[in-house]
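Residue-level listing of the chains:
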Amino acid sequence: MKIRIGSRDSALAVIQSRMVMRAIAEAEPRAELELVTMKTTGDRILDQTLDQVGGKGLFVKELDQALRDGRADFTVHSLKDMPMELPEDLPLAALSERADARDVLVLPLGADWLDETKPIGCSSARRRLQLQRLYPNMQVAPVRGNVQTRLAKLDAGEFSALVLAAAGLKRLGLENRISRYFTTDEMLPAAGQGILAVQTRRGMDTACLRTFHNANAACCALAERAFVRALGGGCSSPVAAYAEVVNDTLTLTGLYVSEDESVVRKGACSGRKTDAEALGCALAAQLGKGG
């Protein structure tokens, strides 16, 4: 049995795909595994912010096509980078256990203080909005590219610091670059942050992913993505959501931001983890109407 795994060609994407391949190899020792890498439109267009060029779908378009035409049987994504609406013919096959979901501050190599004459670089409206509240005297500027490209720009003096996802840095073995962890109260993560998603085409046998899939992470993802989807959020929206499961109880925290960013509301709700999607929709309705 041959199984082809589709991946973006960045170092982080390949590491994450190999994590999935190891889980498949443990579940199906006789499977022949092949990694198929490709550059997506989102990887190629680096001189504009994502909301200017089409959003998160730019990171999955080529991988989706590879699934449809049989060049890949499964594709691996950071769930936070996936569109909120997925094609019916390309369902999610599995979601990983959640890694560290926090955002972190990264200073230039050798620096131990924040240079207020240079902007903080970040890649999303969600981070920008929350950074402006944490560092009201600092400028925030967009930065694109893979993690290594962003770090090179930082170390070359373009930024005072970067805000990145802890999970990605840790998977790359770059945990030593982290200067500060933001609590989820300070910086609410993107929906799905820290979770890997495996996508497939309809009708594929997904039994090989049985040990990779994490039920609690799936409940958190369902609640978070339902919250963002209900508010019409996507790549260009500062909307954020983070859920945690303790025993059978799921607690969801959400951030609502009006289109002109003049209204910002944060709230939380709890309920049974089996009601994850309904909890996401209920919190969105509550915050969207004024809490």
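All of these numbers come straight from a predicted model, not from anything done at the bench. (Residues numbered from 1 in each chain as written. Predicted model: local features only at pLDDT ≥ 70, side-chain atom pairs only at ≥ 80, totals over all residues. Heavy atoms only, no water.)

Draft legend 1. Highlighting the overall build of the protein. Secondary structure summary: the protein contains nine helices and 13 strands in total. Here the C-alpha atoms of the protein give a radius of gyration of 19 Å, agreeing with the 19 Å that 2.2 N^0.38 yields for 291 residues. Within the protein, the proportion of its 291 residues that are buried is 51%. Total accessible area computed for the protein in this model is approximately 13,200 Å², and 47% of it derives from carbon and sulfur atoms. (Helix = DSSP H or I, 4+ residues; strand = E, 2+ residues; numbered from the N terminus. Rg over C-alpha atoms; globule rule 2.2 N^0.38 Å. Buried < 20%, exposed > 50% of the residue type's maximum accessible area, 1.4 Å probe, protein only. Areas by Shrake-Rupley, 256 points an atom, 1.4 Å probe, with all protein chains shown as cover.)

Draft legend 2. Inspection of the sheet that holds strand 6 (residues 120-122) at higher detail. Read from one edge of the open sheet, five strands run 7-6-8-5-9, paired in mixed fashion. The open sheet is flanked by strand 7 (140-142) and strand 9 (178-181), the only strands paired with a single partner. Averaged over all adjacent pairs, the angle separating strand axes in this sheet is 35 degrees, with direction ignored. By the bridge criterion, three bridges tie strand 5 (residues 103-106) to strand 9 in an arrangement that is antiparallel. Of the residues in strand 9, the one forming a bridge with Val106 is Ile178. (Pairing = 2+ DSSP bridges. Axes fitted to C-alpha atoms, helices over the stretch in contact; angles between N-to-C directions.)

Draft legend 3. How the structure looks around the nonpolar core. One finds Phe227, Val228, Leu250, Leu252 and Leu283 to be the most contacted residues of the largest nonpolar core, which totals 19 residues. Of all hydrophobic cores here, the second largest spans 16 residues; its members include Phe74, Val76, Leu196 and Leu209. (Core = buried A, V, L, I, M, F, W, Y, C linked by side-chain atoms within 4.5 Å.)

Draft legend 4. Region of interest: helix 4 (residues 61-68). Within the sequence span of helix 4, burial applies to Glu62, Leu63, Asp64, Ala66 and Leu67. At the exit of helix 4 stands Gly70, carrying a positive phi of roughly 85 degrees.

Draft legend 5. Looking closely at the environment of Thr200. In this structure, Thr200 sits in strand 10 (residues 196-200). A relative accessible area of 2% places Thr200 in the buried class. When the C-alpha atoms of Thr200 and Ala93 are compared, they prove to be 6.0 Å apart, with 107 residues separating the residues in sequence. When sequence neighbours within four positions are dropped, the list of residues in contact with Thr200 reads Leu67, Asp73, Phe74, Asp89, Leu90, Pro91, Ala93 and Thr206. A distance of 2.8 Å separates a polar side-chain atom of Thr200 from the backbone oxygen of Asp73. (Contact = heavy atoms within 4.5 Å. Polar contact = N/O pair within 3.5 Å; in protein donor to acceptor, adjacent residues only side chain to side chain.)

Draft legend 6. Structural view of the pattern of salt bridges. Summed over the entire model, instances satisfying the criterion amount to 20 salt bridges. Asp81 is paired through a salt bridge with Arg8; the nearest N and O atoms lie 3.8 Å apart. With Asp81 in the loop between strand 3 (74-78) and strand 4 (92-95) and Arg8 in strand 1 (residues 2-8), the pair connects residues that are 73 residues apart, well separated along the chain. Look at Arg8 and you get buried, because its relative accessible area is 17%. Here Arg71 ties to Asp69 by a salt bridge, and the two come within 3.0 Å at their closest N and O atoms. The network of salt bridges with shared partners includes Lys2, Arg4, Glu32 and Glu34. (Salt bridge = Lys/Arg side-chain N within 4 Å of Asp/Glu carboxyl O.)

Draft legend 7. Representation of the side chain of Gln199 in the model. On the secondary structure map, Gln199 appears in strand 10. By relative accessible area, which is 1% here, Gln199 ends up buried. Of the polar contacts made by the side chain of Gln199, one reaches the backbone oxygen of Leu90; its length is 2.9 Å.

Draft legend 8. Here's a closer look at the sheet that holds strand 11 (residues 240-246). Read across the sheet, three strands follow the order 11-12-13 without closing on themselves; strand pairing throughout is antiparallel. What marks the edges here is a single partner per strand, and that holds for strand 11 and strand 13 (264-272). Between one strand axis and the next, the sheet turns by 15 degrees as a mean value, whatever way the strands run. In this structure, strand 12 (residues 249-257) lies alongside strand 13, joined through nine bridges in antiparallel fashion. Its bridge partner lying in strand 13, Leu250 is registered against Gly271. This element, helix 5 (residues 125-134), spans strand 11, strand 12 and strand 13 of the sheet and lies at about 80 degrees to strand 12.

Draft legend 9. Summary view of the side chain of His77. Position of His77 relative to the elements: it lies in strand 3. A polar contact is formed between the side chain of His77 and the side chain of Gln199, at a distance of 3.3 Å. When neighbours within four sequence positions are excluded, His77 is seen to be in contact with Val60, Leu63, Met82, Ile195, Leu196, Ala197 and Gln199.

Draft legend 10. Representation of the environment of Ser17. Along the polypeptide, Ser17 turns up in helix 1 (residues 11-27). Along the sequence, Ser17 and Leu283 sit 266 residues apart, while their C-alpha atoms lie 33 Å from each other. Setting aside residues up to four positions removed in sequence, Ser17 forms contacts with Ile5, Gly6, Ser7, Leu35 and Val76.

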